[in-house]
Amino acid sequence: MTSDPTAEPTPPRREPNWGPIERLAPTDLLPDLMWMGTLVHGDRRIEQYKHRDSRRYVNVDQDGGTWSVTVPADAPADAPPLVEPVDADRALARLTDTA
């Protein structure tokens with residue numbers, strides 16, 4: 001994983017951006033998701049969605065790329081998140097995995 005000092009949250013939007021996840025996920029999954037916000041990573045805007053039951057996230061950029069976004073437990077409070085690409089099918093399957 002690599003830390004990107006340019007990855008930072010953007011100011012809150014007034015309305016959720018459902019476009020990236022609507023283009024990626026099956027429609028029967030959408031009602032179970034909550035839009036959590038947007039992260040800017042370089043020139044990408046990564047939308048963050050959380051599953052209501054598993055509480056797991058899927059992070060999707062404007063081009064449909066999926067990303068892992070983490071902050072190590074021992075990182076300082078102002079540390080940028082670690083952002084790396086992940087396989088879209090695995091990211092979606094992980095959403096509903098409660099194991």
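Only a predicted model underlies this, so the values are computations on that prediction, with no experimental measurement involved.

Engineer: Even after reading the chapter, I still don't get the overall build of the chain, so can you show me in this structure?
Structural biologist: Counting its secondary structure elements, the chain contains two helices and six strands. In the chain, the order of α-helices and β-strands from amino to carboxyl end is β-α-β-β-β-β-β-α. Burial status across the chain gives 38% buried among its 99 residues. Taking as baseline every contact in the chain between residues at least 6 positions apart, the subset at least 24 positions apart corresponds to 46%.

Engineer: Would you take a moment to explain helix H2 (residues 88-95) for this structure?
Structural biologist: Along H2, the residues that are buried comprise Ala91, Leu92 and Leu95. All buried residues of H2 lie within an arc of 95° about the axis, which places them on one face of the element. Structural note: H2 exposes Asp89 and Arg90 on the side pointing more than 90 degrees away from its buried face. Here the buried face of H2 lies against helix H1 (19-24), strand E2 (33-41), strand E3 (44-51), strand E4 (57-61), strand E5 (66-70) and strand E6 (82-86).

Engineer: So what exactly am I meant to see when it comes to the nonpolar core here?
Structural biologist: Listed in full, the 12 residues of the largest apolar core are Ile21, Ala25, Leu29, Leu30, Leu33, Trp35, Tyr49, Val58, Val60, Ala91, Leu92 and Leu95. Secondary-structure elements contributing two or more residues to this core are E2, E4 and H2. Sort the elements by how many residues they give to this core and H2 lands first, with three residues. With sequence-adjacent residues up to four places away left out, Val60 is seen in contact with Pro20, Ile21, Leu24, Arg45, Ile46, Glu47, Tyr49, Gly65 and Thr66.

Engineer: Please clarify how the pattern of salt bridges should be interpreted in this entry.
Structural biologist: It is possible for side chains of opposite charge to pair when their charged atoms get near one another. A complete count under the given rule lists three salt bridges for this structure. Notably, a salt bridge pairs Asp32 with Arg52, separated by 2.8 Å at the nearest N-O pair. Taken together, the residues Asp32 in the loop between H1 and E2 and Arg52 in the loop between E3 and E4 connect sequence positions 20 residues apart. On the basis of relative accessibility, which here comes to 18%, the residue Asp32 falls in the buried class. A salt bridge links Arg44 to Asp61; the shortest N-O distance between them is 2.9 Å. Of this pair, Arg44 sits in strand E3 while Asp61 sits in strand E4; the two residues are 17 residues apart in sequence, bridging distant segments of the chain. In this structure Arg44 comes out as partly exposed when scored by relative accessible area, which is 26%.

Cut-offs applied
Counting restarts for each chain, with residues numbered from 1 along the sequence as it is written. Only residues with pLDDT of 70 or above have their local features reported here, since the model is predicted, and side-chain atom pairs are shown and tallied only from 80 upward, although totals for entire chains, interfaces and linings are computed over all residues. Heavy atoms throughout the structure, all of them, feed into the side-chain values; hydrogens and water do not. To qualify as a helix, a DSSP run of H or I must reach at least 4 residues; to qualify as a strand, a run of E must reach at least 2; elements of each kind are numbered from the N terminus. Only protein chains enter the calculation, and the probe is 1.4 Å; a residue is then buried if its accessible area is under 20% of its type maximum, exposed if over 50%, and partly exposed in between. Contact criterion: two residues are considered in contact whenever any of their non-hydrogen atoms come within 4.5 Å of each other. In this description, the arc belongs to the directions extending from the helix axis to the C-beta atoms. To define a nonpolar core, start from buried Ala, Val, Leu, Ile, Met, Phe, Trp, Tyr and Cys residues and group those joined through side-chain atoms within 4.5 Å. Salt bridge, as applied in this entry: a Lys or Arg side-chain nitrogen positioned within 4 Å of an Asp or Glu carboxyl oxygen.

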